[in-house]
Amino acid sequence: MVAGAWPTRNDQQIVSELFLKTIKAAEILDVDHAWVETLKTLQQRLLPPQIGRQGNLMEWMIDRDPSTDHRHTSHLFAVYPGSTINMETTPTLANAARRSLELRKTTGDSRRSWAWTWRSMLWARLHEGDKAHAMLQGLITHNMLDNLFTTHHLPLQIDGNYGIAAAMLEMLVQSHTSTIELLPARPTAWPSGSVKGLKARGNIEVEMQWHNGEVTHWHLSSPHPQTVTVKVNNTYHTVHL
């Protein structure tokens, strides 16, 4: 995701996410116990995320000046598509990631469709609905054709389309932590609405309606019994499906 002669935090975050998800999968399946212990040992040897002198999430192994308009945000992998940095369990690191995005400016040194969508997903994960929506507006304004395909230097860059759809879903439902959140990053431009058929992790289907920014109706369904925690209008609910 990023080229350079020096190792980046991005490398550490990718490996960390891989180890943690492999460990979790093996523990759920009750397999590969020795391998899990090896991975846990290796996980402890990885360099954890650190905060730089400007309050930003450090991109490099050393604390370089983070003030840049570069379009890449690879060092925020742990926010999205990863999940080890999040608002629920690591709020301090999440705020540092927010600072990094602020220093990176809007879309950096270019208007690429994937840059708009990546930032939209990151802002959504950081519960900044209006900023996530602003990225959606930027994509439509600067990188979307009349047929709704998104552009790069070539006529088409489909990951801009797929990515912005994922970003809009992140504004409505998030489930990458231990909690399913409804409207975690609702922009003010969407004061009322309804959705159905959305999927949260665990193959859980989500249906909801909202009015004036508040969820007024919601329903979860699952093909198999499970118990989940749901955050609705800043209130936590334990739901048996």
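See the structure printed just above.
This report concerns the structure included in the present document. Throughout this document, residue positions are counted from 1 along each chain, in the order its sequence is written. Local features in a predicted model are, by the rule used here, given only for residues with pLDDT of at least 70; side-chain atom pairs are given and counted only at 80 or more, and totals for whole chains, interfaces and linings are based on all residues. Each side-chain value is worked out from all heavy atoms of the structure, with water and hydrogens disregarded.

Looking at the pattern of salt bridges
Stated formally: We define a salt bridge as a side-chain nitrogen of Lys or Arg found within 4 Å of a carboxyl oxygen belonging to Asp or Glu. Labels follow the DSSP assignment, with helices taken as runs of H or I lasting at least four residues and strands as runs of E lasting at least two, numbered in each case from the N terminus.
Taken as a whole, this structure holds nine salt bridges when the rule is applied. Note that Glu-17 is salt-bridged to Lys-21, the shortest N-O span being 2.7 Å. Here the residue Glu-17 and the residue Lys-21 both occupy positions in helix α1 (residues 9-29), the gap between them amounting to four residues, near one helical turn. Each of the salt bridges in this network shares a partner with another, and the network as a whole consists of Glu-27, Glu-37 and Lys-40.

Some words on the nonpolar core
Heads up, the condition is: Residues belong to one nonpolar core when they are buried, are Ala, Val, Leu, Ile, Met, Phe, Trp, Tyr or Cys, and are joined through side-chain atoms within 4.5 Å. Categorising residues by exposure relies on relative accessible area from a 1.4 Å probe, with only protein chains included: less than 20% of the type maximum marks a residue as buried, more than 50% marks it as exposed, and the intermediate range marks it as partly exposed. Here, residues are in contact when the closest pair of their heavy atoms is within 4.5 Å.
Among the nonpolar cores identified, the biggest contains 28 residues, and Leu-57, Ile-85 and Leu-122 are the most heavily contacted of them. Among the secondary structure elements, those contributing two or more residues to this core are α3 (91-104), α4 (113-125), α5 (129-143) and α6 (158-172). When near neighbours in sequence (up to four residues on either side) are disregarded, Leu-57 contacts Gln-13, Pro-49, Gln-50, His-75, Leu-76, Ile-85, Leu-93, Ala-96, Ala-97 and Ser-100. Val-195, Leu-220, Val-228 and Val-230 belong to the second largest nonpolar core, which has 18 residues in total.

Some details on the environment of Ala-185
Here Ala-185 is to be found in the loop between β2 (179-182) and β3 (193-200). In the structure, Ala-185 is positioned 54 residues away from Lys-131 in sequence and 9.3 Å away in space, judged by C-alpha atoms. When sequence neighbours within four positions are dropped, the list of residues in contact with Ala-185 reads Ala-124, His-127, Glu-128, Gly-129, Met-171 and Gln-174.

A word on a nonpolar patch on the surface
Spelled out, the test is: What makes a patch is a set of residues exposed beyond 30% relative accessible area and free of salt bridges, joined within 9 Å when like-charged and within 5 Å when nonpolar (Val, Leu, Ile, Met, Phe, Trp, Tyr). With residues, only the protein chains shown are counted as cover, and all accessible areas are computed by Shrake-Rupley using a 1.4 Å probe.
Nonpolar side chains collect at one region of the surface, where Leu-145, Phe-149, Leu-156, Ile-158 and Tyr-162 lie side by side and expose about 480 Å² of accessible area between them. The class of Leu-145 is partly exposed, set by a relative accessible area of 37%.

Focus on α4
For clarity, the cut-off: By definition here, a helix of n residues has an expected span of 1.5 Å times n minus one.
The end-to-end C-alpha distance of α4, which contains 13 residues, comes to 19 Å, matching closely the 18 Å that a straight helix rising 1.5 Å per residue would cover. Looking one or two places after α4, you find His-127, whose phi comes out positive at around 65°.

Regarding the sheet that holds strand β1 (residues 173-174)
The test is simple: Strand pairing follows a simple DSSP-based rule, namely that at least 2 bridges must link the two strands.
Strand order in the open sheet formed by four strands is β1-β2-β6-β7, and the pairing between neighbours is mixed. Whereas interior strands pair on both sides, the edge strands pair on one side only; in this sheet they are β1 and β7 (235-240). By the bridge criterion, two bridges tie β1 to β2 in an arrangement that is antiparallel. Across the sheet, Gln-174 pairs through a bridge with Glu-181, a residue of β2.

Re the packing of α3 against α4
Here is the rule we go by: The angle between two axes is taken between their N-to-C directions and runs from 0 to 180 degrees, where each axis is a line fitted to C-alpha atoms and a helix contributes only its stretch in contact. Helix crossings get a hand from a simple test, with the near helix turned counterclockwise from the far one by less than a right angle marking a left-handed crossing and a clockwise turn marking a right-handed one. When residue character is reported, Ala, Val, Leu, Ile, Met, Phe, Trp, Tyr, Cys and Pro are called nonpolar, Asp, Glu, Lys and Arg charged, and the others, Gly included, polar.
The N-to-C vectors of α3 and α4 enclose an angle of 145°; their axes lie 10 Å apart at closest approach. Note on packing geometry: the crossing formed by α3 with α4 is left-handed. Taking contact as the criterion, the partners of Arg-98, Leu-101, Glu-102 and Arg-104 in α3 are, on α4, Arg-119, Leu-122 and Trp-123. Its residues assigned to classes, the contact of α3 with α4 comprises three nonpolar, no polar and four charged.

A closer look at the pairing of strand β5 (residues 214-221)
In this sheet, β5 lies alongside strand β4 (residues 204-211) in antiparallel orientation, the contact comprising seven bridges. By the bridge assignment, Glu-205 is partnered in β5 with Ser-221. Taken together, β4 and the strand that follows it, β5, pair antiparallel across an intervening segment of two residues, in which Asn-212 is found at a positive phi of about 50°.

Remarks on the packing of α5 against α6
What counts is decided by this rule: In this scheme, roughly parallel covers angles under 35 degrees and roughly antiparallel covers those over 145, while 65 to 115 is roughly perpendicular and the rest are oblique.
One way to put it is that α5 packs onto α6 with a least axis distance of 10 Å and a crossing angle of 155°. Taken together, the axes of α5 and α6 lie roughly antiparallel to each other. Viewed along their axes, α5 and α6 form a crossing whose handedness is left-handed. Contact with α5, carried on its side by Ala-132, His-133, Leu-136 and Leu-139, involves Gly-160, Ile-164, Met-168 and Met-171 of α6 and no other residues of that element.

A closer look at the pairing of β3
Across six bridges, β3 lies against β4 in antiparallel orientation. In the strand pairing of β4, Leu-198 is matched with Val-206. Connecting the antiparallel pair β3 and β4 is a turn made up of three residues, with Gly-202 showing a positive phi of about 95°.

What to know about unusual backbone geometry
Omega for the peptide link from Tyr-80 to Pro-81 comes to 10°, which places this bond in the cis form. Tracing the backbone shows Pro-81 in the loop between α2 (33-45) and α3. Residue Leu-148 is not a glycine yet carries a positive backbone phi of 75°. Among the structural elements, Leu-148 can be located in the loop between α5 and α6.

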